[in-house]
Amino acid sequence: MTDDATDPITPAEIEHRVDEIWDGSSLEQRYNYLDYHFEIDGAYCRARTYLDDIGTVTIFGPFDHRGRISKIDRPDLERAAAAYLAKRFPKVKRL
């Protein structure tokens, strides 16, 4: 059993999204996923897991601000997010 109280960080938001790509009336692709949003002092990183591969989560960032793609060096944020996710997913990847 995990103890959530010992997490070094918790997500600012967890978002469940579904993206669908249609060609007329035909569904071409469907992406069903969860995004975890983490923030410390304005620095931001995101992690995504696709529900058809729920055992793997990928971390993106850290970035200088939510909504931007300018990478920054914030190993504290990346380590904290990775620790949170490692308690919940067997495989944590970084992109």
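Since the structure is predicted, the reported quantities are computational estimates derived from the model, not experimental observations.

Engineer: Whenever I open this one, the pairing of strand β3 (residues 43–50) confuses me. Can you help?
Structural biologist: The side chains of a regular strand alternate, first on one face of the sheet and then on the other. Burial analysis of β3 places seven of its eight residues in the buried class, the great majority of the element. The pairing of strand β2 (residues 26–40) with β3 spans eight bridges and is classified as antiparallel. By the bridge assignment, Leu34 is partnered in β3 with Thr49. As paired elements, β3 and strand β4 (residues 56–63) share four bridges and run antiparallel to each other. Looking at the pairing, Ala47 lines up with Ile59 of β4. Counting the residues between successive antiparallel strands, the hairpin from β3 to β4 contains five residues.

Engineer: Explanation requested: helix α1 (residues 75–86) in the structure shown.
Structural biologist: The α-helix advances 3.6 residues per turn, and as a result positions three or four apart in sequence lie on the same side. Its twelve residues place the ends of α1 16 Å apart at the C-alpha level, agreeing with the 16 Å of an ideal helix rising 1.5 Å per residue. Among the structural elements, β1 (13–23), β2, β3, β4 and β5 (91–94) are those in contact with the buried residues of α1.

Engineer: Help me understand the nonpolar core in this model?
Structural biologist: Among soluble globular proteins, nonpolar side chains are generally buried collectively. Formed by 16 residues in total, the largest nonpolar core has its most connected members in Tyr36, Phe38, Ala47 and Leu85. At the level of elements, β2, β3, β4 and α1 are the ones that each hand at least two residues to this core. Counting residues per element, this core draws most heavily on α1, which supplies six residues. Ignoring any residue separated from it by four or fewer positions in sequence, one finds Leu85 in contact with Tyr36, Phe38, Ala47, Val57, Ile59 and Val92.

Engineer: I would appreciate a short explanation of the side chain of Thr58 in the present structure.
Structural biologist: One can find Thr58 in strand β4. Judged by relative accessible area, which is 13%, Thr58 ranks as buried. Those residues in contact with Thr58, other than ones at most four positions away along the chain, are Arg46, Ala47, Arg48, Lys93, Arg94 and Leu95.

Engineer: How should I be thinking about the packing of aromatic side chains in this particular structure?
Structural biologist: Ring pairs (aromatic) are described by centroid distance and by the angle formed between their planes. All chains considered together, the criterion is met by five aromatic pairs. Taking the ring centre of Tyr84 as reference, the NZ or CZ of Arg88 above it sits at 3.6 Å.

Engineer: Is there a simple way to explain the sheet that holds β1 in this structure?
Structural biologist: Each strand in a sheet pairs with another by means of backbone hydrogen bonds, the pair being arranged parallel or else antiparallel. Taken together, the five strands give an open sheet; going across it, the order is β1-β2-β3-β4-β5, and neighbouring strands pair in mixed fashion. A strand with exactly one partner marks an edge of an open sheet, and here the two such strands are β1 and β5. Ignoring which end each strand starts from, the neighbouring axes of this sheet average 25° apart. Across the sheet, α1 lies against β1, β2, β3, β4 and β5, angled at about 120° from β2, the strand it touches most.

Engineer: Would you mind going over the pattern of salt bridges with me for this structure?
Structural biologist: Close approach of charged atoms allows side chains with opposite charge to pair. This model, assessed by the stated rule, comprises eleven salt bridges. Salt-bridge contacts for Asp19 lead to Arg17; the nearest nitrogen and oxygen are separated by 4.0 Å. Looking at Asp19, the relative accessible area reads 31%, which means it is partly exposed. Given the relative accessible area of 37%, Arg17 is considered partly exposed. Residue Arg48 pairs with Asp35 through a salt bridge whose shortest N-O separation is 2.7 Å. Separated by 13 residues along the polypeptide, Arg48 in strand β3 and Asp35 in strand β2 bring together distant segments of the chain.

Cut-offs used in this document
- Residues numbered from 1 in each chain as written.
- Predicted model: local features only at pLDDT ≥ 70, side-chain atom pairs only at ≥ 80, totals over all residues.
- Heavy atoms only, no water.
- Buried < 20%, exposed > 50% of the residue type's maximum accessible area, 1.4 Å probe, protein only.
- Helix = DSSP H or I, 4+ residues; strand = E, 2+ residues; numbered from the N terminus.
- Pairing = 2+ DSSP bridges.
- Expected span 1.5 Å × (residues − 1).
- Contact = heavy atoms within 4.5 Å.
- Core = buried A, V, L, I, M, F, W, Y, C linked by side-chain atoms within 4.5 Å.
- Phe/Tyr/Trp six-rings, centres within 6.5 Å; stacked < 30°, edge-to-face > 60°.
- Lys NZ or Arg CZ within 6 Å of the ring centre and 35° of its normal.
- Axes fitted to C-alpha atoms, helices over the stretch in contact; angles between N-to-C directions.
- Salt bridge = Lys/Arg side-chain N within 4 Å of Asp/Glu carboxyl O.

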